Amino acid sequence: MSRRDAFVKAITAWFEHEARDLPWRYQRTGYTGLVSEAMLQQTQVARVVERFTAFMARFPTVAALADANEQDVLALWQGLGYYRRARLLHAAAKQIMADHGGQVPASPDALQSLPGVGRYTAGAIASIVFGAAAPIVDGNVFRVLARFDAFDAPMTESESQRWVWSLAETLVAIAHQPGTFNEGLMEFGATVCTPKSPACDRCPVDRSCRARQLGQVDAIPVPKPRITVQDTHHHAVVITRGDRTLMIQRPASGMWSNMWEPPTVEAAQSLSDEDIRAQLALPLLKLSSCGEYVHQTTHRRVVFHVFRGTTRARRGRWVADSDMASLPMSNAHRRVLDLAGR
């Protein structure tokens, strides 16, 4: 048996015994696969577990999701972040209804024609749900395969992408159960072959892992180049009347698009009270600071400066406390309200 054959067999057998009990694994359908893969992008599994069941209860079918209002979809997505994924998933459901009779397509090519579905997501759904021998590569898979072959280049390089997709394609073609192998590969990277302090003592392929043989497990994969983080300052003014709070909908593009927030002035630096008053879209009578905090994303460091304010203006949407939970809003903006005592 070749080294690669043994690897595929070992990962498949490991997963059959060690697979975590996750809700999207109870019933394998194209739709549950599409929703779970959208949620799992750049989000911890534990957080997805909390949101998946509620989302599926509200939108149990492709048709239900396609017919939904985008604001309702965003409201159910709260807590997962990266809200663009929710919009793309919603758009994908509409396209499935229009072009595929409400059935999630089975082929990788057809899946990749859907909004928000790239090669990885298409391969995951095609293999795990429909049994196709389609490769998948994400951060976990790259790390496992890089260590297995002691491949010492960053994942971001084009050469690395060509190498890992070629190897993944070769391995899944060997597998008798492509979906089980692919899912096992992801799970193994998430739970055993982790970025730091991997559990090599529990590894079913430790004897054939070249990185371990060379003593380079901690050095492989090579770290990605540092991302330049851009600072921005959001000056949020929480204005209330009784049990109602004035909320503004954000623009249709950009960060947190179409979601809701207290009236806010964005700037490249911290602004004075005078500047905030001058730039806010409504006149303020009073303005008092409640504090500040930092919201960190992959590419941005957002400093929230939180204020309470008063105004005589009546325009805008005044949301009752009892309705606030159903308003599509990021966790960052919910923290703004908490800091202002709402």
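Up top you'll find the structure we're talking about.
Parameters at a glance
Here the residue index of a chain counts from 1 through its sequence in written order. Thresholds applied to this predicted model are a pLDDT of at least 70 for local features of residues and 80 or more for the giving and counting of side-chain atom pairs; totals over whole chains, interfaces and linings are not thresholded and use all residues. Excluding hydrogens and water, the side-chain figures rest on all heavy atoms present in the structure. Here a cavity denotes grid points, spaced 1 Å and computed from the protein atoms alone, that fit a 1.4 Å probe unable to get out, and a pocket denotes an open set having protein on both sides within 12 Å along at least 5 of 7 lines; residues with an atom within 4 Å of a point are the lining. Grid points are joined across faces, edges and corners, and a volume is the space filled by probe spheres set on the points. Counting from the N terminus, the helices are DSSP H or I runs at least four residues long and the strands are E runs at least two residues long. Gly is put with the polar residues, along with every residue not named as nonpolar or charged; the nonpolar set is Ala, Val, Leu, Ile, Met, Phe, Trp, Tyr, Cys and Pro, and the charged set is Asp, Glu, Lys and Arg. Residue types Ala, Val, Leu, Ile, Met, Phe, Trp, Tyr and Cys, when buried and joined through side-chain atoms within 4.5 Å, form a set referred to as a nonpolar core. Relative accessibility decides the category of a residue: with a 1.4 Å probe and only protein chains considered, values under 20% of the type maximum give buried, values over 50% give exposed, and everything between is partly exposed. Whether two residues are in contact is decided by their heavy atoms: any pair within 4.5 Å suffices. Between the first and last residue of a helix there are one fewer steps than residues, each counted as 1.5 Å, and that sum is the expected span. Stacked, edge-to-face and tilted labels apply to pairs of Phe, Tyr and Trp rings (six-membered ring for Trp) whose centres lie within 6.5 Å, assigned for plane angles under 30 degrees, over 60, and everything in between, in that order. The rule is short: NZ of Lys or CZ of Arg within 6 Å of the ring centre and within 35 degrees of the ring normal puts a charge over the ring. The salt bridge criterion pairs a side-chain nitrogen of Lys or Arg with a carboxyl oxygen of Asp or Glu, the two atoms within 4 Å. Axis geometry follows a simple rule: fit a line to the C-alpha atoms, using only the stretch in contact for helices, then measure angles between N-to-C directions, giving values from 0 to 180 degrees. Take the far helix as the reference: if the near one is turned anticlockwise from it by less than a right angle, the crossing is left-handed, and if turned clockwise, right-handed.

This part takes up the layout of surface pockets. The calculated volume of the second largest pocket comes to roughly 830 Å³. In terms of lining residues, the second largest pocket is bounded by 26 residues, among which G81, Y82, Y83, W256 and T297 are the most central. Here the lining of the second largest pocket gets 4 residues from one element, more than from any other, and that element is helix α6 (residues 84-99). Here the residues of the lining of the second largest pocket are counted per class, giving 7 nonpolar, 14 polar and 5 charged.

The biggest cluster of nonpolar side chains holds 54 residues, and the ones touching the most others in it are Y31, F55 and W77. When sequence neighbours within four positions are dropped, the list of residues in contact with Y31 reads F55, M56, F59, P60, T61, V62, L65 and V104. Counting residues in hydrophobic clusters, the runner-up holds 41 residues, among them W14, V141, L145 and M186.

Over the atoms a probe the size of a water molecule is rolled, and this reveals where empty space is left. Counted under the stated rule, the structure contains 1 cavity of 30 Å³ or more. Taken as a whole, the largest cavity spans an internal volume of roughly 130 Å³. In terms of lining residues, the largest cavity is bounded by 16 residues, among which R147, F188, C193, C203 and C209 are the most central. Taken together, the residues of the lining of the largest cavity sort by class into 13 nonpolar, no polar and 3 charged.

Spanning 16 residues, α6 covers 22 Å between terminal C-alpha atoms, matching the ideal 22 Å at 1.5 Å per step. Looking only at α6, the buried set comprises R85, A86, R87, L89, H90, A92, A93 and I96. At the exit of α6 stands G101, carrying a positive phi of roughly 60 degrees.

A full pass over the atoms with the stated rule returns 11 aromatic pairs. Where F142 meets F151, the ring centres are 6.4 Å apart and the plane angle is 90 degrees; that geometry is what we call edge-to-face. We note that F142, like F151, is buried. Judged by centre distance (6.0 Å) and plane angle (40 degrees), the ring pair of W256 and F304 falls under tilted. Here W256 is found in the loop between β2 (244-249) and β3 (260-261), whereas its partner F304 is found in strand β6 (residues 300-310), with 48 residues between them in sequence. Overall, the relative accessible area of 9% leaves W256 in the buried class. Residue class for F304 comes out buried when judged on its relative accessible area of 0%. Sitting over the face of the ring of F148, R3 holds its NZ or CZ atom 3.7 Å from the ring centroid. When the ring centre of W260 is taken as origin, the NZ or CZ atom of R317, which lies over that ring, is 4.8 Å away.

Overall, the coordinates contain 12 salt bridges when judged by the stated rule. Across the pair D206 and R212 runs a salt bridge whose closest N-O atoms are separated by 3.1 Å. Taken together, the salt bridges that share partners define one network made up of R20, R25, R28, E183 and E187.

Turning next to the packing of helix α2 (residues 30-40) against helix α8 (residues 119-128). It is at 10 Å that the axes of α2 and α8 come closest, and there the two elements cross at 145 degrees. As α2 runs across α8, the sense of the crossing is right-handed. Of the residues in α8, those in contact with G30, G33, L34 and E37 of α2 are Y120, T121, A124 and I125.

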